[in-house]
Amino acid sequence: MESLPIRAADGPLASLADRASVWVNLDPSERKRRVAAASRDCDEEVLVDLTLAWSELRSSARGGLSVHTARAYAKGVRDVIRFAAESANPRLRPRDCASWGSLYVRTLAEGGASASTVQVRLTAARHLYSALRWAGASDADPFQEVSAPKDLTEPMDKRREYSSEELECLLRQAGTRETVAVLLGAHAGLRIGEAAQLEWGDTDLGARTIRVRDGKGGKERLVTASRSLCEALERHAQGAPENAERVLGLKTRGLRSAFERLCKKAEVDYRGFHALRHSAGHRVFAQLNDLGNVAEHLGHSSLNTARRYAKRSDALRQAVEDW
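Residues numbered from 1 in each chain as written. Predicted model: local features only at pLDDT ≥ 70, side-chain atom pairs only at ≥ 80, totals over all residues. Heavy atoms only, no water.

Novice: What am I meant to see in the pattern of salt bridges here?
Specialist: For side chains of opposite charge, pairing can occur when their charged atoms come near one another. What the rule picks out here adds up to 14 salt bridges. For the salt bridge of R82 with E44, the shortest nitrogen-to-oxygen distance reads 2.8 Å. Of the two residues, R82 is situated in helix α4 (residues 67-86) and E44 in helix α3 (residues 44-57); the sequence distance between them amounts to 38 residues. Note that R213 and D202 form a salt bridge whose closest N and O atoms lie 2.4 Å from each other. (Salt bridge = Lys/Arg side-chain N within 4 Å of Asp/Glu carboxyl O. Helix = DSSP H or I, 4+ residues; strand = E, 2+ residues; numbered from the N terminus.)

Here is the structure:
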């Protein structure tokens, strides 16, 4: 069986649905034989392939696993396989399941991994062992009762939004395409992958809307575009190639690099493209004082996710200042 080529960079990922179909259609005894051999030999490629196929089968997202999630799971599977080899568990058959699973998570945490990274690694490890059990190659479940350490840092404290002054500095230094990129994040609230994948056909400047077709979890949403974003899109369209499909013409990695260079040029502390989205959420809440509007604009499925912007509201700070 050929292993699934996991792309570290952007671009189309080999169809996980196709790979899942290959595993499903194998004779159960043959599937068990191949997975048992891969487990015995710590064959990372086969075990990554198996885990991603199993995860794809059980994904509730409309579009299945995203490239980002698949890449994170692949890295997590490789990590736990190597940990098993280093801890005298080369066949992924721990003698003391619960203790070994806890040791893995503890080692990650003590090694400096963030709480979110530990959680992703733990999820990948659980999926690996679920896939092994599905194939009939193991009955071990070392992560059943293991939990990741709690993240005590507030989400908004991890990556602060760009202030209005910082955004002005960025826009003063930005070219036409860079202006569109900044406003897609800071006004429309698009994630970096959504901005990179945005096509001209998904923009309606007359109606001042942008359609995000494949957002987080495969969800589609319609976003209201600001007047300044529409104007920037019009200027950018004038210089865009006639056959251009994507608005920015950059993949995610290229967009990230371009934005980092812009921050350096504008002498603005680079806090990632996603902090532009935080700026959009903060501004909506500051103007409307309504979490429902924040959730609608950013495409949150829950008000609890949007609630973080209420904690960053200037109203409390201003009220206390007047005491």
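Following the structure, the description resumes.
Novice: What should I look at first to understand the packing of aromatic side chains in this one?
Specialist: Aromatic ring pairs: the centre-centre distance and the angle between the two ring planes describe each pair. The full count for this structure, using the stated rule, is nine aromatic pairs. With 5.7 Å between their ring centres and 45° between their planes, F83 and W100 make a pair best called tilted. Within this pair, whereas F83 is found in helix α4, its partner W100 is found in helix α5 (residues 97-110), the two being separated by 17 residues in sequence. For the pair formed by F83 and W100, the shared burial category is buried. An aromatic cluster of at least three residues, connected via ring pairs, comprises F83, W100, Y104, Y129 and F143. One residue, R31, lies across the ring of W134, its end atom 4.7 Å from the ring centre. (Phe/Tyr/Trp six-rings, centres within 6.5 Å; stacked < 30°, edge-to-face > 60°. Buried < 20%, exposed > 50% of the residue type's maximum accessible area, 1.4 Å probe, protein only. Lys NZ or Arg CZ within 6 Å of the ring centre and 35° of its normal.)

It is worth stressing that arrangement in space is one thing and function is another; only the former is reported here.
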